[in-house]
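Breakdown of the fold
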Amino acid sequence: MAVFGIGWCPSPEIVEVPILGFNSSSRLIRATLLPLMGKNDYSNQRRSSRIRCSLSRKNTTSLDSEEIASAPSSNSLEELGNVMKFKMSDFKIRDRVSTGLGGRADEIVFEAVVEDVQSPLHNSRVVLRRHTTVQAQRRGRRAIEVLKKLARRTLLYHSYSMQVHGYVNPSTSGDYGSFTLVHRYHGSFSLRHWLQQSDWLQTLEATLALDEESVRRVGDDTVGGPAVSRQLRLIRILMRDLLIGVNYLHSHGLAHTELRLENVHVSPVDRHIKVGLLGNAADFYDNNPNTSTMDGNIGRRQMMIAYDMRCVGFMMAKMVLQELMEPSTFAKFKSFLTKGNDPACLREFLIQTLSRNSSYGNAGLQILDRNWGAGWNLLSLLLATKPSERISCLDALRHPFLCGPRWRVNPSMDIIRWGLGSTAVRIAEEYIYGHQQRSRLAHFIELMEMLNPQSKRKNWLALLPGKWRLLYCTGRHIGLTLRQPPARALIGDVHLTVSRLSKSNTTFSFTSDINFTVLIGQDWPHDKAGIAGKLGVDSSFRLTSGRRIYLKEEETAKTKFLPSPSNTRESIVKALSGRKWRKALALKELPSSLPIAKLISSEVDEITMSLDDPLGKSVETAKNVVHEVRTQVPPEMFDLSKLVCGTYVDARLLILRGVSGSALVFIRSLAN
């Protein structure tokens, strides 16, 4: 643990501690100090320390005239009754302080022990945070003002907030140009410092003393297990505590505005997350709401809550993905969001960004992929581009990602759609296209088409433009191992770029980019570097509304490669009639037709191909390469006019149907 020395000698003064009453719920004291606050002790204290203590609320809560004069804002501390006023002689300053308690450049942090025997905090370890500049002093006084609102619900305040005890009278320290805040000591490390340790998982588990009783707080019933399961369980505990603390602030009309890993501490005493100091906490309402400012106050409240939730999303991302603790990697992550990219595409971005040989492994990706990709869904909701679309604290606490296996969760239709899409993506990425996998994929595709949330044409006009990567096709797949092609070509990424030509019409430009590598020689070489090539196809379409009609009488002959559509529909009807889907879809049978986006080709395709030297000069080689690429790539990507309709679209997935009935599944890619 990194430490540094302190050179500060407090002046020997006598403590001034306000005694507020007999009710322990109105005092900001530790539970271990309650025996010191008995009736006999209090009566003796009252007789023997009239000079040191005052029973008058008015006297104990007012600031000196010098302090009021140096206040940087108009807000004063005269009416705060839950604040203790200390002298510097009350503390024994330690000669070292943990870096995990460090603040900004205009703050000096000390660790101290309360020595005054008359204080309810006697022998307690506290932190003195000295604010030197005018702006820093304003933050310190604001933290005490916020205390007045939060201390009404003492149990939640003690459990989820960093407890503020009071301030040091500047006349006792001899420094009228600063303001010293006194708050509780919650350990040497912030949550950021915990996560930076090489053995952070084991250390945090030991600090929180995880047992069967503690894991029940997140709906789990087991401890231990694989590292991924342990990390997921720990993240659920930390995130739930963090969200409860932030919701506690929001319910009192406050926004934190500075939620970072550095401002959050883990208390080993009560094993709770402590939300940091509230020096920059902002009120939802400037004044009392009235008819003239009601709309403005509501908008201000929504924006502040959305800002806090975005900060919580950044904290969750760093907790799950350890690679984001590195500043350079996190800068790329934040840049992806600030450029306006949809957070629903974070998985596609992070898989390309994070190193495959990372020392952290891929535990974070596995955690987010679990439970039908629930982690990616929660992360996208916390980091949503539009503030109005960000999830609230209460809804986040009910999200399946933060609920253990013992808790019954009724997912919303959006989460069901997300889970179907995530599962289809995971199956397609395995590249094991046996009969079982192909049947499951066809099943999920049909369900997604039925649950398409963007069935109107205006939604397609907004979501369709972009760069899409071909993920899977339900048509036939031709492999490489059982053939001896004239040209050996390995297909890389296949992209479909959709551009809207004009906002006044519904005409789109479709560009198919097929990247491949040509291998030289008769045998398959061990080194698959080869010669790079690219095939491009351009076409234009006009988008109109239409419907996809299902013919129940028509039976499609079963083939070796493609499952029968009738069998797929029968399996869907059976699935939707089960108890799991009955609440989500009140359908007794499948509809006879579904709304779609009809694609009408208006121009002849234009095909271009490029090959690196030396193959670029051989016409015969180019013909063989084109033939091999057409054999392996779905025909709809080579001949775009065979695309007839779009059946599903959202922020990350797109499903298009060809004239043969095969479905092409695309995932939104990152535009260069």
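Residues numbered from 1 in each chain as written. Predicted model: local features only at pLDDT ≥ 70, side-chain atom pairs only at ≥ 80, totals over all residues. Heavy atoms only, no water.

Points about helix α16 (residues 413-429)
Taking 1.5 Å of rise per residue, the 17 residues of α16 would be expected to cover 24 Å, and the 24 Å separating its terminal C-alpha atoms lies within 8% of that figure. Tyr-431 lies just past α16 and shows a positive phi near 55°. (Helix = DSSP H or I, 4+ residues; strand = E, 2+ residues; numbered from the N terminus. Expected span 1.5 Å × (residues − 1).)

Things to note about the sheet that holds strand β7 (residues 164-168)
Overall, mixed pairing links the 6 strands, which are arranged β2-β7-β8-β6-β5-β3 in an open sheet. Where the open sheet ends on each side, the last strands, each with one partner, are β2 (84-86) and β3 (91-93). Across the sheet, the mean angle separating the axes of adjacent strands is 35° when strand polarity is ignored. Alignment of strand β6 (residues 125-131) against strand β8 (residues 179-184), held across 6 bridges, turns out to be antiparallel. (Pairing = 2+ DSSP bridges. Axes fitted to C-alpha atoms, helices over the stretch in contact; angles between N-to-C directions.)

Some remarks on unusual backbone geometry
Although it is not a glycine, Thr-257 sits at a positive phi angle of roughly 70°. For Thr-257, the location among the structural elements is in the loop between β9 (254-255) and β10 (264-267). Looking at Thr-257, the relative accessible area reads 21%, which means it is partly exposed. The phi dihedral of Asn-371 falls on the positive side, at around 55°, and the residue is not glycine. In this structure, Asn-371 sits in helix α14 (residues 363-382). (Buried < 20%, exposed > 50% of the residue type's maximum accessible area, 1.4 Å probe, protein only.)

Structural notes on empty space enclosed by the protein
Throughout the structure, instances matching the rule amount to 4 cavities of 30 Å³ or more. In this structure, the largest cavity spans a volume of roughly 120 Å³. Lining the largest cavity are 14 residues, and of these Ala-344, Arg-347, Trp-376, Trp-418 and Arg-652 lie nearest its centre. Where the lining of the largest cavity is concerned, the elements lending two or more residues are α13 (346-353), α14 and α16. When the residues that make up the lining of the largest cavity are grouped by side-chain class, the tally is 8 nonpolar, 2 polar and 4 charged. (1 Å grid on protein atoms, 1.4 Å probe; cavity = no way out; pocket = protein on both sides within 12 Å on 5 of 7 lines; lining within 4 Å. Points joined across faces, edges and corners; volume = space filled by probe spheres on them. Nonpolar A, V, L, I, M, F, W, Y, C, P; charged D, E, K, R; others polar.)

Here we look at the packing of α16 against helix α17 (residues 435-450)
Pairs of packed helices are described in terms of their axes, by the angle between the two and the distance that separates them. Remark: α16 packs on α17, axes separated minimally by 10 Å, with the N-to-C direction vectors making an angle of 155°. For the element pair α16 / α17, the angle class is roughly antiparallel. Helix-helix and strand crossings are classified by hand; for α16 and α17 the assignment is left-handed. Where α16 abuts α17, its residues Leu-420, Gly-421, Thr-423, Ala-424, Ile-427 and Ala-428 lie against Gln-437, Arg-440, Leu-441, Phe-444, Leu-447 and Met-448. Per-class residue counts for the contact of α16 with α17 are 8 nonpolar, 3 polar and 1 charged. (Parallel < 35°, antiparallel > 145°, perpendicular 65-115°, else oblique. Left-handed = near helix turned anticlockwise from the far one by under 90°. Contact = heavy atoms within 4.5 Å.)

Re the nonpolar core
The biggest cluster of nonpolar side chains holds 90 residues, and the ones touching the most others in it are Met-239, Leu-242, Leu-243, Met-316, Phe-333, Leu-346 and Phe-401. Broken down by element, the residue count for this core peaks at 12 residues, all from helix α10 (residues 227-251). If near-sequence neighbours (up to four positions away) are discounted, Leu-243 is found in contact with Met-309, Val-312, Cys-393, Ala-396, Leu-397 and Leu-402. Within the second largest apolar cluster, 34 residues are counted, among which are Trp-460, Trp-468, Leu-496 and Val-498. (Core = buried A, V, L, I, M, F, W, Y, C linked by side-chain atoms within 4.5 Å.)

Considering the confidence of the model for the chain
The predicted model of the chain has a mean per-residue pLDDT of 78, with 76% of residues at 70 or higher. Of the regions scoring below 50 in pLDDT, residues 1-80 engages in 163 contacts with residues more than four places distant in sequence or in other chains. Per-residue pLDDT stays below 50 along residues 553-563; that stretch engages in 11 contacts with residues further than four places along the chain or on separate chains. (pLDDT = per-residue confidence, 0-100.)

Regarding the side chain of Thr-329
One can find Thr-329 in helix α12 (residues 327-338). Not counting the four nearest positions on each side in its chain, Thr-329 is found in contact with Glu-323, Leu-324 and Leu-354.

Some thoughts on the pattern of salt bridges
Going through the model one piece at a time under the given rule, you end up with 21 salt bridges. Arg-230 is paired through a salt bridge with Glu-205; the nearest N and O atoms lie 2.9 Å apart. In this pair, Arg-230 is assigned in helix α10 and Glu-205 in helix α8 (residues 200-208), connecting sequence segments 25 residues apart. You can call Arg-230 buried: its relative accessible area is 17%. For the salt bridge of Asp-414 with Arg-417, the shortest nitrogen-to-oxygen distance reads 2.8 Å. Residue Asp-414 and its partner Arg-417 are located together in helix α16, separated by 3 residues, close to a single helical turn. Classification of Asp-414 as exposed rests on a relative accessible area of 53%. Residue Arg-417 is classed as buried on the basis of its relative accessible area, which comes to 17%. Among the charged side chains, a salt-bridge network with shared partners connects Asp-106, Glu-107, Arg-129 and Arg-139. (Salt bridge = Lys/Arg side-chain N within 4 Å of Asp/Glu carboxyl O.)

A short note on the pairing of β6
Of all 7 residues in β6, 6 are buried, a share of seventy percent or more. As paired strands, strand β5 (residues 107-114) and β6 are joined by 7 bridges and run antiparallel to one another. Bridge pairing in β6 links Ala-112 to Val-126.

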